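Results of the structural survey
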Amino acid sequence: MMLADADNQLSALLLSMPLWPLLGSVLVGVFLATGKLKALSDKAVVGGVGVSALLGVITFFSLMPDTSHDDGHADASSAIRLVADGPVEEPSGHSPKASNGHADASRTHTLFHWISLGLDDQGATRWIDVNYYIDGLTGIMLVVVTVISLLVVIYSTGYMRDHHGHPEVGYERFFAFLGLFVFSMLMLVLAGNFVLLYLGWEAVGLCSYLLIGFYYQKPEAAAAAKKAFLVNRIGDLGFALGIFALYLFLSPVVGPGENPLDYAVAFKYADTLNTMELGGVAAPTLVSLLLLCGALGKSAQFPLYVWLPDAMEGPSPVSALIHAATMVTAGVYMVARCAPIFIQSEVALFVVMVIGLIGAVLAATMAMAQYDMKRILAYSTMSQLAFMFVALGAKAPQAAIFHLYTHAFFKALLFLSAGSVMHAMGNVIDVRLFSGLRRVLPHTYRLMLIGCLALAGFPLLAGFWSKDEIVSTVMHHSPVAGWILLFTAFLTAYYTFRMFFLCFNGEQRFPKEAGDHPHEMPGVMLAPKYLLAIGAVLAGYIGVSFHVSSTAFLGALEPHGMYHGYIENSTIINESHHSGPWLMYLSAAVALAGIGLAWARYGAAPRTEPDQALLGPIWNLWNAKYYVDELFDRVLVRPLRGLGRLFVTTDNNVVDGLITFCAAVPRGIGAALQLTQRGVLQGYALGAVVGVTLLLLFWKWIEPAL
Amino acid sequence: MGTMHLAAQFSLNALIFLPILAAVVIWALPKHVERMAQQVALWVGMVTLALGAFLWVLGQPQLVGSAETTDTPTLVGETEFAWINAVIHDQQENEVGGVRVRYHVGLDPISSPLMLLTALLVPLSVACSFASIKTRVREYYAWMMALTAGMFGVFAARDLLLFYIFFEFTLVPLYFLIGIWGGSDRRYAANKFFIYTFVGSVITFAGILYLAIRASFLESAGTGLGVIDFDLIKLSSLPLENGLTATEQSLLFLAFFAGFAIKVPFFPLHTWLPLAHTEAPTAGSVLLAGVLLKLGTYGFLRFSLPMVPLGAVQWASVMGALAVAGIIYGALCSWVQRDVKKLVAYSSVSHLGFCMLGMFSLLPFGLSGSVLYMINHGLSTAALFLIVGMIYERYHTRDVNQIGGLARQMPVMAFFLVFFVLSSVGLPGLNGFVSEFTVLFAAFNSTDHLGPSFGTLGATGILLGAIYLLYMTGKVLFGPLKEPANTPDLSAGLTRDLTVREITILTPLAVLCIVLGVAPRLVTDTLDPVLADERVPYSVLNRIRQARDSQIHLVTQTASPTSATRPKSEPLADHVAGPVAVGEVIFGES
C-alpha cells in the first residue's frame, strides 16, 4: 500500500475499531470478578462502543470516492483517505460492472497470520489471516452497526432498570454481552476472508443466544435462545460447506501465496468457477447456494426463519439492535459482499429471489394475525429482509444494502418504542390488553408514528426511498416479482398500522401489571430514540439527489445520490434500472392505501378482530404461523431424537452385545473343557487310551511305512 | 547447547521417574500423615508442569533461537541407551542377530504439545480430587502418580517396544482408580475397560513383533535374521518398494488398529468408554479424556501412518467412513443421555471421530489439525468433566432431570460451563474452532482419500455438537431452579458456587482455550514442518507420498482394476483437480 505515514497511523487506529467494545466487555468481566467498580460497567461498554462509533464514522467519510456525482458532493473528496483505491472508476451505476476490478487486494489490511494451511504447490505457505477488507460496502455497514449500537447501548442504560431506577439483576452481564456483540458484528463486517467472516458470524450468533436467553429462568427464553442458536447452526453448516467448496474449486487456480478464502483472491478468480462442477452441479451455483444457507439462517429467511419471532423473548434493546438492525442483516451483507460469486450463477440468483418473495409474503401474512407487538415487528423485519433478498436476486445488491441501511434506523426506533410501551405496561406486550396509549405516552406515540410511517413506505421518509429503489429495480428485472413486492408493501403498511392503531387509538385502558399511572421514559431513553427518528426521516436522502429540472418524483428528486457513488467503490456488482417515476407514485399510493385501510378497519382499536371474522380459517392459519414450528418438530427434531434413542439401545445391546459375546466365547470354551476335568479317574484313563490310540493312528497315517 | 541439552535430558527423564518415585513415597507415608499425600502429589504435579513447560519452550526454535542446521531435527531431551542388548556378533564383530531394545526418549513437535497437555492436566486432576477422595487416600495419589509416569513415558518413547510398555502400563493405575474409587458399577467398568483395551493392544503387540522381525529380515537382505530392533526411525523408514508388501502393510495396519482404535475410542469399538467415564472418579475421567484417549490417535499418527503407509493409504477411506459414522453416532447417543457425565463421554466418541477424520484426510493441514484437535479436546473435555465433577460433589446426582436452573445459584460455574461448551462446539475465536474447521476442511478437500461427501457428513457434527451440548447447558443451567432434597451438600468444605480452588483449576484451561483459539500457531508452527519435512525421509507426509507413488507404480504395472491397491479417489471433474493436481498442491514440486 502506498500510503503516507500519517495515513498509516490513522489506519492503525481505525483497525483497532472492533477492540474497543471488546475491551469494554473485558473490563465488565474484571469488575464482576473482582466485585469492585461494578457501577462503571455500563459506562465501560458505552465508552467502548462510543469510540468504535467515532472510528466507524471517520472510516465512512474517509472512504468517500474521489469522483462523485454532479450533485454537489464534491467536498467529499477532501475527506481522509484510508484506502489506496484501485483504478479510479467513472461512476456508472446504471450499468453492470466487470467483477475483477472490484476486488482490489489493496483494500485488504492484514493484521496477522492466524491458521496455517500448509504449503501450496508453489511452495509458499498458505495462511488464513486475520485481515480486514475495507471498501464502500464496509463503510456503510460500519456506520449502521456502530451508530445504532451506540444509541441502543445508551438506551439500555435506562431500559435495564426497574421502576425505581435500580439496575436489573444481570445488568452488568447484559452490557458485557452487548460489548461482545458489537465486537463480533464489527469483525463480521470488517473481515477480509471467509473464515474470519465465519468467526464474526458465529460470534454474533453466540451473543444472540446469550441475550435471547438473558432472562434464563424463564423456560421460554431459554428455549428460544437454544432454538435461535441451533436453527442458525443449520444454516452455518451450509455456510461452512460453501467455504470448503470454494477452496476446493479455487485452490488449484490461485497464484502462489494467495489463499482462495481471502475475498480479494476469491473475487479475482470468481469467473474461473464457471468452468468447474462437482457432482453435476455447476461450481458457482453450488458455492452460492451453500453460502446462501448461512444467510437464510442469520437473516431469518424461509425456511430458517422460525427462530426470529421466538427471539423476541430477549430484552427489547436486544431485539432492536441484534434482531432488527444489525445481526439479522448479516445475511444480506454477505450475499451482497459475495456478489462477484453469486453473479456467476443465474440459478443461485433465481433461488435467492424466489426465497425472498416467499419470505416477504409469508412474513407479511403472519404479521397480519399476531397480537404480540414485538412479534409483529419481528415478522415485519423478516419481510423487509426478504425485500432485500429479492433485490439481491434481481442483481441489485446496491438497492438491498440501501434498504438495509434505512431499515436499521426505523426498525431500531420501532423496537425501542415497543420496548417503551412494554416498560410502561409492566412487561405486557399483547396489543389486546391495552389501547389508547396516545395521551399516556405522548413521546412514544410520536416516535412510533414516525417509525411506522417509515416502515410503511410513507412518501419522503427513509423507508420510502429504499423500498422504491428495490421495487423499481425488481420490476424491471421481473415484473411478476415486482408486483408481488408491491402487494407485500401494501400488506406491510396495513399490518403496521393495525398494530399502531390497536396500541394507541381507542379507549384508554391498561393491564393490571402496568400499575396505576404508566409513565413515559427518562431522557436517557428518549434521546436515542429521537436521534433514530431523525434517521428514520432523513436517512433515505443519502440515496437521493436534487434536480431542479427533472422528470423524476415531484419534479426535483432523483433516486440516485451520493450513496450510489459511494457503494460503487466496493465488491458490489449492480444492475440498477429504474422503472420510471410512475412506479414511485404507485408505491406512494400503495403505502397510503394500506394505511387508509388499516384506519378504516382498526382506527377505533376494536376489541374483536375484524379480519378474523372476514378471513376465517385463513386468518387462523396465519395466526398459527402456518404450523411451521410444529412441522419442524415433527420432521426434524423428533426423528433425530428417536434416532438417538435407537442408537443408544443399539449401543447397549448390539454393538456392546457383540463385544460381550466375543468375551463370552473363551468363557464358554473354558466351561466346556471343564467337563473333562472332574477328577474321575476312569475318565482320565479312558482319555489316555483314546489319546494314545489316536496318536498311533496319526503316526501310521504320516509314516505309512511303519 | 551442552548444559541446555543436559538440563533437557534431566527434565525429560525426571518427568518419567519423578512421579514413580513420588508414587513410592506416597505409598510409604505413615497413616497419621495421610493428608500429606495430596500435598506431595500436588507438588510433584506442579514440578512436572514446570519441567513440561521448560521442555516445550526448548522445542520452540523461535523462542530459544536455535536455528536448525542439522538434517534431522533434534529431539528435545533425547536420551538413549541400550536396555536389552542381546546381540550376537560374528568374528568380525558384525551384528548378525539377536534383539535390541533401547531406552530411548525424546520430544519432537508432535509429542511435545501432548506432553505439555499432560503436564498441565496432572496437577489439575490432583487438585480436583481434594474434596471427593476420602478413602484410601495414599493409594489413590500413588496410583495417580504412577499413571502420570506412564503417560509421560508414552509420549516420550522413541522405541516401539518402550512405547508399548508404557502404553500398557497406563492401564494398571487407571484400572485401580476406576475399580476402587469409582461409582456404583465400578468393578464391571474397570474390568471391561481393562480387558477390552488389553485384548486390542495384545493384537497390536503381535503386529509390532511381526514388523520388527520382518524389518530385521529386510535389513539383513536375505542373509538370515538380523538384529531385531524396535527403533522408531528405523521402522518408520522401511523401503516401500521391495519391502513390506501391500498385503502385509494392510494387515499390519489392522493389527495396529486393534490396539489404537479401541483406545481412541473409534466407532464401533467405543462401548467401554461411556461406562468407564461414568464410573471413574473425576480425576480419572479428566486424565482418561484429556490424555489417555490421545494415546490412540497419537499411536495412529506416530506408528500406523509412517510405518505402514501403504496400509494407511489403503484403509484411509474406510477409516474416514468410520470416523464420520462415529461423529454422528456419538453425537446422537450423547443427546439422549440423562447422565451429564455419560453425555460428555459420548461426546468424546463424536469428537475423536473428528480427530481421526482429519488424520485420514492425509493432508498436511488435516494432520496438524488432528494434532490440534487432540490438544483442544484435551482442554475442553477435561474442563467439562471437571465441572461435572464439581456439580456432582454438591448435588450427588448427574441426572439432568433432577437438577436445573443452576445459573442463578452458581453464576461462576455457569460462566465456565458455558465457556467450555462453546469451546467444545467449536465457537470461532476459541480453540475448538481452529481444529474442527481444519479437519473438516481437510476431509472435504482430501480428494484422494475422503472428499466432499466425507466433509459434508462430518460437518453435520458441528450442528449435532451444538444440539447436545446446548441441550445439556439448557437443562443444567437455565429454567427454574431444581435441586434434589438436602442439597447442595457443602460438608466437604465447598461453597454454593465454586471455591477458589475450583476456580484456580478451571482458569488455566480457559485461558489456554482463548490462547489456542487466537494463536494456534503456537502448536502448528513447529508441527507443520515436522509432519511434512522434506529432509526427513520418515516424516509422516513423506511416507504417505512414497506410499502413494509406489501405489501408482503398482497400478501402472498390473493395470488390473480389481487390484487391492487401486487408488481410491473421489470422482471430481478432471479440470478441477485430479489426483495428480491435488498431490502437487499437497506436497509441492519436489
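Here the structure is a predicted model, which is why all the values come from computation and not from measurement.

What follows concerns the overall build of chain A. When helices and strands are counted, chain A shows 26 helices and six strands. Long-range pairs, those at least 24 residues apart, make up 77% of the contacts in chain A with a sequence separation of at least 6. Only carbon and sulfur atoms are counted for the fraction: they give 69% of the accessible area of chain A, which is about 25,600 Å².

Here the focus is the overall build of chain B. For chain B, the count of helices and strands is 24 helices and three strands. Taking 590 residues into account, the globule formula puts the C-alpha radius of gyration at 25 Å, and chain B, at 24 Å, falls close to it. With respect to the three principal axes, the spread of C-alpha positions in chain B is 75 × 60 × 50 Å. Counting all 590 residues of chain B, 66% fall into the buried class. Taking all contacts inside chain B whose residues are at least 6 apart in sequence as the whole, residues at least 24 apart take part in 79%. Side chains of chain B carry 33 positive and 37 negative charges; the gap between the two charge centres is 13 Å.

Here we come to the sheet that holds strand β3 (residues 227-229) of chain B. All names here are of chain B. If you walk across this open sheet you meet the three strands as β1-β2-β3, and the pairing is mixed. Looking at the sheet topology across the chains shown, the edges are occupied by β1 (76-89) and β3. Taken over all neighbouring pairs, the strand axes of this sheet differ in orientation by 15 degrees on average, direction set aside. Sitting on the sheet, helix α6 (residues 160-169) touches β1 and β2 (95-107), and the angle it makes with β2 is about 60 degrees.

Taken as a whole, chain A shows an average pLDDT of 83; of its residues, 89% reach a score of 70 or greater. Low pLDDT, under 50, characterises residues 1-8 of chain A; the predicted model gives this stretch eight contacts beyond four residues in sequence or across chains.

Attention shifts here to the nonpolar core. Residues F194(A), F300(B) and F420(B) are the most contacted members of the largest nonpolar core, which totals 458 residues. Among the elements that take part in this core, helix α7 (residues 219-250) of chain A stands out by supplying 19 residues, more than any other. Sequence-distant contacts of F194(A), defined by excluding residues within four places in its chain, comprise I243(A), L246(A), L261(A), Y263(A), A266(A), F267(A), L291(A), C338(A) and I341(A).

Residues and elements named next belong to chain B. With their axes 10 Å apart at the nearest point, helix α15 (residues 364-395) and helix α21 (residues 521-532) run at an angle of 135 degrees to one another. In terms of orientation, α15 lies oblique with respect to α21. Here α15 and α21 pass one another in a crossing that is right-handed. Packed against α15, whose contacting residues are P364, L367, S368, V371, L372 and I375, the element α21 presents V523, T524, L527, D528 and L531 at the interface. The residue inventory of the contact of α15 with α21, partitioned by class, reads eight nonpolar, two polar and one charged.

Looking now at the environment of A191(A). Residue and element names in this part refer to chain A. Assignment of secondary structure puts A191 in the loop between α5 (171-190) and α6 (194-212). Note on A191: relative accessible area 0%, which makes it buried. Along the chain, A191 and I450 lie 259 residues apart, while their C-alpha atoms are 34 Å from each other. Setting aside chain neighbours within four positions, we find A191 in contact with N131, Y132, Y133, L196, L197 and Y263.

A separate point is the environment of T138(A). All names here are of chain A. Tracing the backbone shows T138 in helix α4 (residues 136-159). With 40 residues separating them in the primary sequence, T138 and L178 have C-alpha atoms 21 Å apart. For T138, the residues in contact, after removing those within four places along its chain, are Y133, V189, L190 and R337. Among the polar contacts listed, one links the side chain of T138 to the backbone oxygen of Y133, at a separation of 3.0 Å. Separated by 2.9 Å, the side chains of T138 and R337 make a polar contact.

Below, the discussion takes up a nonpolar patch on the surface. Residue and element names in this part refer to chain A. Taken together, the side chains of V692, L696, F698, W699, W701 and I702 define a hydrophobic patch exposed on the protein surface, amounting to about 700 Å² of accessible area. Assignment of secondary structure puts W701 in helix α26 (residues 681-702). W701 gets classed as exposed once you look at its relative accessible area, which sits at 66%.

On the chain A side, the residues contacting the 66 residues of chain B number 58 residues. Carbon and sulfur atoms make up 72% of the area that chain B and chain A hide from each other, which totals about 5,600 Å². Inspection of the chain B/chain A interface yields zero salt bridges. Viewed at the interface, chain A and chain B are joined by 16 residue pairs in polar contact (both at pLDDT 80 or more). Tallying contributions element by element places helix α19 (residues 452-477) of chain B first for the side of chain B that touches chain A, with 14 residues. Taken together, the residues that form the side of chain B that touches chain A break down as 42 nonpolar, 17 polar and seven charged.

Under the definition given, this model contains 30 salt bridges over all chains. Its salt-bridge partner being D42(A), residue R161(A) comes within 3.6 Å of it at the nearest N-O pair. Here R161(A) is found in the loop between α4 and α5, whereas its partner D42(A) is found in helix α3 (residues 41-62), with 119 residues between them in sequence. Put simply, R158(B) and D108(B) hold a salt bridge, and the shortest N to O gap is 3.6 Å. Of the two residues, R158(B) is situated in the loop between α5 (137-156) and α6 and D108(B) in the loop between β2 and α4 (111-127); the sequence distance between them amounts to 50 residues. Like R158(B), the residue D108(B) is buried in the burial classification.

Quick look at helix α13 (residues 309-335) of chain B now. Residue and element names in this part refer to chain B. Taking 1.5 Å per residue, 27 residues should reach 39 Å; α13 reaches 36 Å between its end C-alpha atoms and fits that length. Remark: the principal bend of α13, roughly 55 degrees, maps to W315. The element α13 is extensively covered by neighbouring structure, given that 21 of its 27 residues are classed as buried.

This part takes up the pairing of β1(B). Residue and element names in this part refer to chain B. Alignment of β1 against β2, held across eleven bridges, turns out to be antiparallel. For I88, the partnering residue across the bridge sits in β2 and is G97. Between β1 and the antiparallel strand that follows it, β2, lie five residues; E93 among them carries a positive phi value of about 60 degrees.

The rules behind each value
- Residues numbered from 1 in each chain as written.
- Chains lettered and ligands numbered in written order.
- Predicted model: local features only at pLDDT ≥ 70, side-chain atom pairs only at ≥ 80, totals over all residues.
- Heavy atoms only, no water.
- Helix = DSSP H or I, 4+ residues; strand = E, 2+ residues; numbered from the N terminus.
- Contact = heavy atoms within 4.5 Å.
- Areas by Shrake-Rupley, 256 points an atom, 1.4 Å probe, with all protein chains shown as cover.
- Rg over C-alpha atoms; globule rule 2.2 N^0.38 Å.
- Buried < 20%, exposed > 50% of the residue type's maximum accessible area, 1.4 Å probe, protein only.
- Lys, Arg positive; Asp, Glu negative; His and termini not counted.
- Charge placed at Lys NZ, Arg CZ, Asp CG, Glu CD.
- Pairing = 2+ DSSP bridges.
- Axes fitted to C-alpha atoms, helices over the stretch in contact; angles between N-to-C directions.
- pLDDT = per-residue confidence, 0-100.
- Core = buried A, V, L, I, M, F, W, Y, C linked by side-chain atoms within 4.5 Å.
- Parallel < 35°, antiparallel > 145°, perpendicular 65-115°, else oblique.
- Left-handed = near helix turned anticlockwise from the far one by under 90°.
- Nonpolar A, V, L, I, M, F, W, Y, C, P; charged D, E, K, R; others polar.
- Polar contact = N/O pair within 3.5 Å; in protein donor to acceptor, adjacent residues only side chain to side chain.
- Patch = residues over 30% accessible without salt bridge, like charges linked within 9 Å, V, L, I, M, F, W, Y side chains within 5 Å.
- Salt bridge = Lys/Arg side-chain N within 4 Å of Asp/Glu carboxyl O.
- Buried area = accessible area lost by both parts, 1.4 Å probe.
- Expected span 1.5 Å × (residues − 1).
- Bend = angle between axes of the 7 residues up to and from the residue.

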